[in-house]
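# Fold and geometry: a report
So the chains spell out like this:
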Amino acid sequence: MVAASVLLDVFLPVLPSGVLVIAAATAAAAGTAAGKVPGDVPDLLLLTLIAATASVLGDLVAYRLAWRGGARLDRAIARSRRLTTAQERLGSALARGGGPLVVLARFAPAGRSVVSLVAGAAHRRIREFLPWSALAGLTWAVYSVALGYYGAQWLGTTWLATGVSVLALFGAGAGAAYVMRRQPA
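Quick summary incoming for the structure in this document. (Residues numbered from 1 in each chain as written. Predicted model: local features only at pLDDT ≥ 70, side-chain atom pairs only at ≥ 80, totals over all residues. Heavy atoms only, no water.)

## Notes on the environment of A27
Structurally, A27 can be placed in helix 2 (residues 17-33). For A27, a relative accessible area of 31% corresponds to the partly exposed category. Sequence separation between A27 and G148 is 121 residues, and the spatial gap between their C-alpha atoms is 8.3 Å. (Helix = DSSP H or I, 4+ residues; strand = E, 2+ residues; numbered from the N terminus. Buried < 20%, exposed > 50% of the residue type's maximum accessible area, 1.4 Å probe, protein only.)

## Some thoughts on the pattern of salt bridges
Going through the model one piece at a time under the given rule, you end up with four salt bridges. For R124, the salt bridge goes to E128, with nearest N and O atoms at 3.1 Å. In this structure R124 comes out as buried when scored by relative accessible area, which is 18%. Across the pair E128 and R125 runs a salt bridge whose closest N-O atoms are separated by 3.0 Å. Since its relative accessible area comes to 14%, E128 is described here as buried. One network of salt bridges, with partners in common, ties together D9, D59 and R112. (Salt bridge = Lys/Arg side-chain N within 4 Å of Asp/Glu carboxyl O.)

Structure (structure tokens):
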């Protein structure tokens, strides 16, 4: 369920993939607090690898679809001033070695979608995009799992711990969106 949500949230950013990763990590923390991890609770390392892998695969699917989108996708992007600006900024950032934008965008609401689709539509080379997508997916997965696990360790395995962890994830997303808007073109 976590893998499917993370994979598909590049197309449907409203999917609660981050919340699911945090909740699974909180459940894993509950198992370790009890002294053992039940069989149906994901191991933290496995959860991190699943979330990171699904994130990268989702990025690649969006990238390839946008790459092949052709003239129709180009027209759709051209109709939106924001998407056109995003495409130009991302293209120049990747060309200058500014791949950290890809990592930052993974935390911003719908940022992952925009970056993956724009990189594909702009026909950026996969070797410019994939390493940054992998780093973004791994960074996001480690951060989300750590939020769930440590939130549960500090606040107990309650809904409060999950809620505080989710708020921290949303805070990181809001911060990433703010930084991305403030970056010079």
